[in-house]
Amino acid sequence: MSSSPVVEVSGIHKAYGSTVAVDNVSFAVQEGEIFGLIGPNGAGKTTTMECVEGLRQPDAGRIGVFGLDPIKDARALQNRIGVQFQQAELQKRIKVREAVELWASLYDAPVDATRLLEQLGLSEKRDAWFMTLSGGQKQRLFIALALINNPELVFLDELTTGLDPQARRTIWDLVRDIKDRGKTVFLTTHLMEEAERLCDRVAIIEHGRIVDHDSPAGLIARHCPQRRTVVATAYPNATEAFGRLTPVDDVSSDGEELTVSGRGDDLVTAVIHAISEHQMQVTAFRTERPTLEDVFLTLTGHSIKD
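Summarised in this report is the structure supplied together with it. All figures in this text were calculated on a predicted structure; none of them were measured in a lab.

## Quick look at the overall build of the protein
Alright, step 1. In terms of helices and strands, the protein carries 11 helices and 13 strands.
Alright, step 2. Taken along its principal axes, the extent of the C-alpha atoms in the protein is 75 × 45 × 35 Å.
Alright, step 3. Within the protein, buried positions represent 45% of all 306 residues.
Alright, step 4. Counting only contacts in the protein whose residues sit at least 6 apart along the sequence, the fraction spanning at least 24 positions is 66%.

This is how it looks when you write it as structure tokens:
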């Protein structure tokens, strides 16, 4: 990690008339990490990212990208950042190779387009029209356009929205590969699983304000320390047996399925010990760990899907 952040955002504010889109937002993105700005649709993620990219001027606050102003120093940053473009910015009948060649012509030292398409699994589609590509293929093309100038910092905005699970995981692998090449990734997403799987650190944004930021594991540990173990057993005194365990806070039942909730890493061990001690016959056993979805619910009082 470098001593100076790649991106430094300090107290930015952006309003459209009486509607406040971004309200006193501050965060930093470190070199070589995947940083996620996460929150529901309409929370201010895209507006914040566009301010950092230099596409929008914040009403107040300060933004530094490699120590430069993204608007005043846009030309100096042109070859150092890569921006994922959305579908609306590509013609339906442009061919894959034509789109890549067009973007390559905008930069002083673009990477080899043929090799880039090969790396992203698009070689066989190089002469296909954009409108004939699947959702996953379109997103891979957007990644290619963002990487054509071999940038140090890559911006990805809601990259996997609308994709099926298999295509989404393929894109996740490509994003990890971008990081493995030594680049920094700044992404936005409303998909908590995506943020948890990909990001080294995240900032949760709600109604234009950052409500907390940390690594996914750090946020989960601070806001959702409780663990859950689900046991299916017909043992008549299971609720009482589990309820007496030191790490256990609560035992709830749904027929023969018991959910044992508690804190600490020894909860599962204690439950297993009780099963063995009482010789319970168990037909199902699983552990449930909190997720970023649970963190969001704890911090905001509602699900990100509400």
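Now that the structure has been shown, we can carry on.
## Notes on the sheet that holds strand β1 (residues 7–16)
Alright, step 1. Strand order in the open sheet formed by three strands is β2-β1-β4, with antiparallel pairing between adjacent strands. Only two strands of the sheet have a single partner each, and these edge strands are β2 (19–29) and β4 (60–65). Strand-to-strand twist in this sheet, taken as the mean axis angle between neighbours without regard to direction, amounts to 20 degrees.
Alright, step 2. The pairing of β1 with β2 spans seven bridges and is antiparallel. Across the sheet, the residue bridging to isoleucine 12 is valine 25, located in β2.

## Things to note about the pairing of β1
Look at any regular strand and the pattern is simple: side chains alternate between the two faces of the sheet.
Alright, step 1. Sheet topology note: the β1/β4 ladder contains five bridges and is antiparallel. Looking across to β4, one finds that serine 10 is bridged to arginine 62.
Alright, step 2. Turn length for the β1-β2 hairpin, with the two strands adjacent in sequence and antiparallel, is two residues, and the turn residue glycine 17 shows positive phi of about 65 degrees.

## Some remarks on unusual backbone geometry
Alright, step 1. Positive phi values are uncommon outside glycine, yet phenylalanine 66 reaches one of about 55 degrees.
Alright, step 2. Here glutamate 158, not a glycine, exhibits a phi torsion of approximately 50 degrees, which is positive.
Alright, step 3. Positionally, glutamate 158 belongs in the loop between β6 (153–157) and α6 (165–180).

## Describing the layout of surface pockets
Alright, step 1. Volume-wise, the largest pocket comes out at about 490 Å³.
Alright, step 2. Around the largest pocket, the lining is made up of 20 residues, and of these Glu53, Leu55, Ile81, Val83 and Phe85 lie nearest the centre.
Alright, step 3. If one sorts the elements of the lining of the largest pocket by residue count, helix α1 (residues 45–53) sits on top with four residues.
Alright, step 4. Tallied by class, residues from the lining of the largest pocket come to 11 nonpolar, five polar and four charged.

## Points about the pattern of salt bridges
Alright, step 1. Overall, the coordinates contain 19 salt bridges when judged by the stated rule.
Alright, step 2. A salt bridge links aspartate 200 to lysine 179; its shortest N-O distance comes to 3.0 Å. Note that aspartate 200 is positioned in the loop between α7 (192–198) and β8 (201–206) and lysine 179 in helix α6, a separation of 21 residues in sequence.
Alright, step 3. When its relative accessible area of 28% is taken as the criterion, aspartate 200 is described as partly exposed.
Alright, step 4. In this structure lysine 179 comes out as partly exposed when scored by relative accessible area, which is 29%.
Alright, step 5. Salt bridges sharing partners connect three or more residues here, namely Arg228, Glu257, Arg286 and Glu288.

## Brief notes about the sheet that holds strand β11 (residues 248–254)
Alright, step 1. Strand order in the open sheet formed by four strands is β11-β12-β10-β13, and the pairing between neighbours is antiparallel. Among the strands making up the open sheet, the edge pair consists of β11 and β13 (282–288). For this sheet, the mean angle separating the axes of adjacent strands, direction not counted, is 15 degrees.
Alright, step 2. Pairing of β11 with strand β12 (residues 257–263), which is carried by six bridges, proceeds in the antiparallel orientation. Considered in β12, the bridge of serine 253 is made with leucine 258.
Alright, step 3. Most of the contacts of helix α10 (residues 267–277) go to strand β10 (residues 226–233), to which it runs at about 20 degrees, and overall it touches β10, β11, β12 and β13.

## What to know about the packing of aromatic side chains
Alright, step 1. Summed over the entire model, instances satisfying the criterion amount to five aromatic pairs.
Alright, step 2. Here the aromatic rings of phenylalanine 155 and phenylalanine 186 are separated by 5.6 Å at their centres, their planes lie at 55 degrees, and the arrangement is tilted. In this pair, phenylalanine 155 sits in strand β6 while phenylalanine 186 sits in strand β7 (residues 184–189), placing the two residues 31 residues apart along the sequence.
Alright, step 3. Classification of phenylalanine 155 by relative accessible area gives buried; the value is 1%.
Alright, step 4. Exposure remark for phenylalanine 186: the relative accessible area of 0% places this residue in the buried category.
Alright, step 5. Among the aromatic residues, those joined into a cluster by ring pairs are Phe27, Phe35, Phe155 and Phe186.

Analysis parameters
Residues numbered from 1 in each chain as written. Predicted model: local features only at pLDDT ≥ 70, side-chain atom pairs only at ≥ 80, totals over all residues. Heavy atoms only, no water. Helix = DSSP H or I, 4+ residues; strand = E, 2+ residues; numbered from the N terminus. Buried < 20%, exposed > 50% of the residue type's maximum accessible area, 1.4 Å probe, protein only. Contact = heavy atoms within 4.5 Å. Pairing = 2+ DSSP bridges. Axes fitted to C-alpha atoms, helices over the stretch in contact; angles between N-to-C directions. 1 Å grid on protein atoms, 1.4 Å probe; cavity = no way out; pocket = protein on both sides within 12 Å on 5 of 7 lines; lining within 4 Å. Points joined across faces, edges and corners; volume = space filled by probe spheres on them. Nonpolar A, V, L, I, M, F, W, Y, C, P; charged D, E, K, R; others polar. Salt bridge = Lys/Arg side-chain N within 4 Å of Asp/Glu carboxyl O. Phe/Tyr/Trp six-rings, centres within 6.5 Å; stacked < 30°, edge-to-face > 60°.

Shape is all these values report; function is a separate question.
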